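Descriptive structure summary
Residues per chain are reported as follows:
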Amino acid sequence: AVNFNTPAEFESRSGLGFIHLNMRSMIAKMDMIHIWAHSTDADVIVISETWLNKAVLNKDIYIDSYNVYRTDRPKKGGGVAVYVKSKFHVKIRLSTSVSKQFELLALDMEISKTLLIAVVGCYRPPSAISCTLPSLMELLSGLNFNEIVLIGDLNWNWLLPASDDFKAFCDSFNFFQIVDIPTRPNLKCPEKSSLIDLILTNVPHKYSAASVFANDISDHCVIATVRNTKVPKTKPRIIIKRDMKHFVEQAFFHDLFLFGWEKINVIPDVENAWKFFYDGFIEIVNKHTPFRKY
């Protein structure tokens, strides 16, 4: 499987790109999110620990060329958000915050007429109560998907036996976890490094090996993978504006002067008089500054 060593290599991929960032407050780190979006050109960006609330509007976390979907925790902390390139059609399947358990956001992402992927972002805090796993199983059972990719900071350390129950849960859904190195490194004590940022899918053969990138956003690494498929190209952006290249102010004023504006005085209806003025003026404007497509 292909592995990407740097964000620049990931950007040059062929296929659908996913990355995950643990933020611990999006608003304070939007500049860094913009940098990661630009440097990887990811099609999907999943963010854990957004720390957003109702006072934060989508325009406050806007990234050009992306639509953002989010599930905030009603109280402080937590939360998950998913950015998807605006060229894709997306439908929200499920958005829920379960107190003391997790935030989960499930999207239907249409890649083509024949390919629909359930994209799920999830954040589970370290303090989550014991019934979290049955709750998660119940919600995912109701999604009814053909293909799924679940990405997030789940705080089950995949490297330790303590995650065995979670691994059994993954087996029951035919989920494969494709990140294979620690995502929260401990440089002073490497044996205490943990793998808690995970990518789960039921079609692992269609995904590249997960890549892990160091970053300055938090103590979690950025994780990334690529779904092997043709990604539709963005439609070219067409700008329509007036062409001022050949505009001659004196000629424009001359035509305004010659136009029979005095006819307005004999039009009894105000709306018809306005229409006469508007149509005459626009006709002259279009003559001197026609619209062009760029």
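Located above this text is the structure these notes cover.
Scoring rules and cut-offs
- Residues numbered from 1 in each chain as written.
- Predicted model: local features only at pLDDT ≥ 70, side-chain atom pairs only at ≥ 80, totals over all residues.
- Heavy atoms only, no water.
- Buried < 20%, exposed > 50% of the residue type's maximum accessible area, 1.4 Å probe, protein only.
- Helix = DSSP H or I, 4+ residues; strand = E, 2+ residues; numbered from the N terminus.
- Pairing = 2+ DSSP bridges.
- Right-handed = clockwise from strand over helix to strand, strands pointing away.
- Axes fitted to C-alpha atoms, helices over the stretch in contact; angles between N-to-C directions.
- Parallel < 35°, antiparallel > 145°, perpendicular 65-115°, else oblique.
- Left-handed = near helix turned anticlockwise from the far one by under 90°.
- Contact = heavy atoms within 4.5 Å.
- Nonpolar A, V, L, I, M, F, W, Y, C, P; charged D, E, K, R; others polar.
- Polar contact = N/O pair within 3.5 Å; in protein donor to acceptor, adjacent residues only side chain to side chain.

Glancing now at the pairing of strand S2 (residues 44-48). Walk down a regular strand and you will see the side chains alternate between the two sheet faces. For S2, the tally of buried residues reaches 5 of 5 residues, placing the bulk of the element in the interior. Side-chain alternation along S2 places Val44, Val46 and Ser48 on one buried face and Ile45 and Ile47 on a second face that is also buried. Here strand S1 (residues 16-22) runs beside S2; their pairing, made up of 5 bridges, is parallel. Across the sheet, Ile19 pairs through a bridge with Ile45, a residue of S2. Handedness of the S1-helix H2 (residues 30-40)-S2 crossover: right-handed. Where S2 meets strand S4 (residues 80-85), 5 bridges bridge the pair, whose relative direction is antiparallel. Note on S4: the bridge partner recorded for Ile45 is Tyr83.

Let us look at unusual backbone geometry. The backbone of Asp41 shows a phi angle near 50 degrees, a positive value even though the residue is not glycine. Tracing the backbone shows Asp41 in the loop between H2 and S2. One non-glycine residue, Glu49, lies in positive phi territory at about 55 degrees.

This brings us to the packing of helix H5 (residues 249-258) against helix H6 (residues 270-288). At their nearest, the axes of H5 and H6 sit 10 Å apart, and the two run at 155 degrees to each other. In terms of orientation, H5 and H6 fall into the roughly antiparallel class. Crossing geometry of H5 relative to H6 is assigned as right-handed. Here Ala251, Phe252, Asp255 and Leu256 of H5 lie close against H6, whose contacting residues are Phe281, Ile284, Val285, Lys287 and His288. Across the contact of H5 with H6, the residue classes break down as 6 nonpolar, 1 polar and 2 charged.

With respect to the element layout, Asp243 can be found in the loop between strand S13 (240-242) and H5. Taking the relative accessible area as the measure of exposure, Asp243 reaches 14% and is therefore buried. A distance of 2.9 Å separates a polar side-chain atom of Asp243 from the backbone nitrogen of Lys245. Dropping the residues within four chain positions of it, Asp243 is found in contact with His288, Thr289, Pro290, Arg292 and Tyr294.

Keep in mind these values describe shape, not function.
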